[in-house]
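A look at the structure
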Amino acid sequence: MLLRLPAPAVANNDGEQLGLATPLFQDVELAPCAFRKAESTSTLLVSGSAVQSVVGSLQFNSAEVLFETAAGVVVDGVLYTILSNTATTADGKTYVYSLELRVPVR
Amino acid sequence: MQNAKDTFYEVLRSRIAAANPERTIVLRGVTRPGVLVEENELVSTVTTPDCFRLRWVDANVDAENAMPVATLTCEVFYETAGTAGNAGMDRGRLLATMDAEIVGALSSAPQTAIKQNYAALATGGSATAMSTNIWWCDVVLGPLVVKADRIARAAKVTVMSCEEEGEL
């Protein structure tokens, strides 16, 4: 499973804001994780420590910002859109993130 | 029609930024004026509050005239949850501020601008002024919509432009 992240925008770049330039993308591995495929929306459970590692290395403010910034999750070469993310915590520590993914329209 | 859409966005963005320089958003790590065109951004399920989101809906071209006239409808969506420090109890006031900003930006004279062609930006060039203008009607504010802890509104404005040779 790969989390696809767009490169930071270029400041004061009208081309990007007008849709004339597209950002570069970076794929970051999410592991360990479990993927449950369903008809309309799928679910991806990702280890809390794996997400925190990505948040730290890419200097995001939080996991929520990370998932909101991401273009989606690549599963077997198919890009799924992240609809929502939920953190499950115990003793004040997040041990798993649940991502609700939308199956791409074909 | 694309040049008219691009020009309208640039005009609205600069007017909003001039009226309220603090109306900003952080998008992909960069702070910019709080105006965006949905179709020009990455697909996202997250709705950014406290900014103006432009969505182009209807488009018509009247080809009867010597120079075809394009009529485009732009919906401007905006919403706010208020400020956390005030427990969101100022969301009505903040939405009223946004109402005033969008009405001020679009209803103040001139309601016209020289149409620009931004295509050269894709190859590192700069925008070029075209021969005709775009112009727009007064903005019409839609009803207030309650969305969980946010209140939202959609404003609608009609933008017109003469289509020059090579634009259609």
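Residues numbered from 1 in each chain as written. Chains lettered and ligands numbered in written order. Predicted model: local features only at pLDDT ≥ 70, side-chain atom pairs only at ≥ 80, totals over all residues.

This next bit is on the overall build of chain B. Summing up its helical and strand segments, chain B has 2 helices and 10 strands in all. Seen in sequence order, chain B has helices and strands lined up from the N terminus as α-β-β-β-β-β-α-β-β-β-β-β. Against the compact-globule benchmark of 15 Å for 168 residues, chain B has a radius of gyration of 17 Å, which places it among compact chains. The dimensions of chain B, computed from C-alpha atoms along their principal axes, are 55 × 35 × 30 Å. Scored against the burial criterion, the 168 residues of chain B give a buried share of 27%. (Helix = DSSP H or I, 4+ residues; strand = E, 2+ residues; numbered from the N terminus. Rg over C-alpha atoms; globule rule 2.2 N^0.38 Å. Buried ≥ 20, exposed ≤ 12 C-beta atoms within 10 Å, placed from the backbone.)

In terms of nonpolar packing, the biggest core is built from 28 residues, with Phe8, Leu12, Phe52, Cys74, Val76 and Val159 of chain B touching the most fellow members. When contributions to this core are tallied by element, the ones reaching two or more residues are helix H1 (2-19), strand S3 (35-37), strand S4 (52-62), strand S5 (69-80), helix H2 (91-107), strand S7 (128-136) and strand S10 (150-162) of chain B. Not counting residues within four places of it along the chain, the set of residues in contact with valine 76 of chain B comprises Phe52, Leu54, Ile102, Ala154, Ala155 and Val157 of chain B. Counting 16 residues, the second largest nonpolar core, distinct from the first, contains Leu44, Leu66, Val73 and Ile82 of chain A. (Core = buried A, V, L, I, M, F, W, Y, C linked by C-beta atoms within 7 Å. Contact = placed C-beta atoms within 7 Å.)

With that out of the way, let us pick up the environment of tyrosine 78 of chain B. Residue and element names in this part refer to chain B. Here tyrosine 78 is to be found in strand S5. Along the sequence, tyrosine 78 and leucine 106 sit 28 residues apart, while their C-alpha atoms lie 15 Å from each other. Contacts of tyrosine 78, omitting those with residues within four sequence positions, involve Cys51, Phe52, Arg53, Met98, Ala152 and Arg153.

Residue and element names in this part refer to chain A. Reading across from one edge, S2-S1-S5-S6-S7-S4-S3 is the order of the 7 strands in this open sheet, with antiparallel pairing throughout. Taken across any chain shown, the strands that pair with only one partner, and hence form the sheet edges, are strand S2 (25-29) and strand S3 (33-36). Mean inter-strand twist for the sheet, computed between neighbouring axes without regard to direction, equals 35°. Alignment of strand S4 (residues 41-47) against strand S7 (residues 93-102), held across 7 bridges, turns out to be antiparallel. (Pairing = 2+ DSSP bridges. Axes fitted to C-alpha atoms, helices over the stretch in contact; angles between N-to-C directions.)

As a rule of thumb, non-glycine residues mostly have phi less than zero, and peptide bonds are mostly trans rather than cis. Going from alanine 31 of chain A to proline 32 of chain A, the amide bond is cis rather than trans, its omega being 0°. Position of proline 32 of chain A relative to the elements: it lies in the loop between S2 and S3. Put simply, alanine 109 of chain B and proline 110 of chain B share a cis peptide bond, and its omega is -5°. Here arginine 28 of chain B, not a glycine, exhibits a phi torsion of approximately 50°, which is positive. Summarising the element assignment, arginine 28 of chain B is placed in the loop between strand S1 (24-27) and strand S2 (30-33).

Let us look at the confidence of the model for chain B. Residue and element names in this part refer to chain B. Looking at chain B, pLDDT values average 93 and 100% of them are 70 or higher. By mean pLDDT, S1 is the weakest element of chain B at 90, and strand S8 (residues 140-141) is the strongest at 97. Here the predicted complex carries an ipTM of 0.85, next to a pTM of 0.86. (pLDDT = per-residue confidence, 0-100.)

Between chain A and chain B, the residue contacts involve 18 residues of the former and 14 residues of the latter. Elements supplying a minimum of two residues to the side of chain A that touches chain B: helix H1 (14-17), helix H3 (63-69) and strand S6 (78-90) of chain A.

Turning our attention to the environment of proline 110 of chain B. Structurally, the position occupied by proline 110 of chain B is in the loop between H2 and strand S6 (112-117). Sequence spacing of proline 110 of chain B and glutamate 164 of chain B is 54 residues, and the spatial spacing of their C-alpha atoms is 21 Å.

Another aspect to go through is H1 of chain B. Taking 1.5 Å of rise per residue, the 18 residues of H1 of chain B would be expected to cover 26 Å, and the 26 Å separating its terminal C-alpha atoms lies within 8% of that figure. For H1 of chain B, the complete set of buried residues consists of Asn3, Ala4, Lys5, Asp6, Thr7, Phe8, Tyr9, Val11, Leu12, Arg13 and Ile16 of chain B. (Expected span 1.5 Å × (residues − 1).)

Let us now look at the pairing of strand S1 (residues 2-6) of chain A. All names here are of chain A. Taking every second residue as pointing to the same face, the buried face of S1 carries Leu3 and Leu5, while none of Leu2, Arg4 and Pro6 on the other face is buried. Bridge analysis of S1 against S2 gives 5 bridges, and the strand direction is antiparallel. Bridged to arginine 4 within S2 is aspartate 27. Pairing of S1 with strand S5 (residues 72-75), which is carried by 3 bridges, proceeds in the antiparallel orientation. Bridging across to S5, arginine 4 finds its partner in glycine 72.

Here we come to the environment of threonine 47 of chain B. Structurally, the position occupied by threonine 47 of chain B is in the loop between S3 and S4. Each C-alpha atom of the pair threonine 47 of chain B and phenylalanine 77 of chain B lies 10 Å from the other, and the pair is 30 residues apart in sequence.

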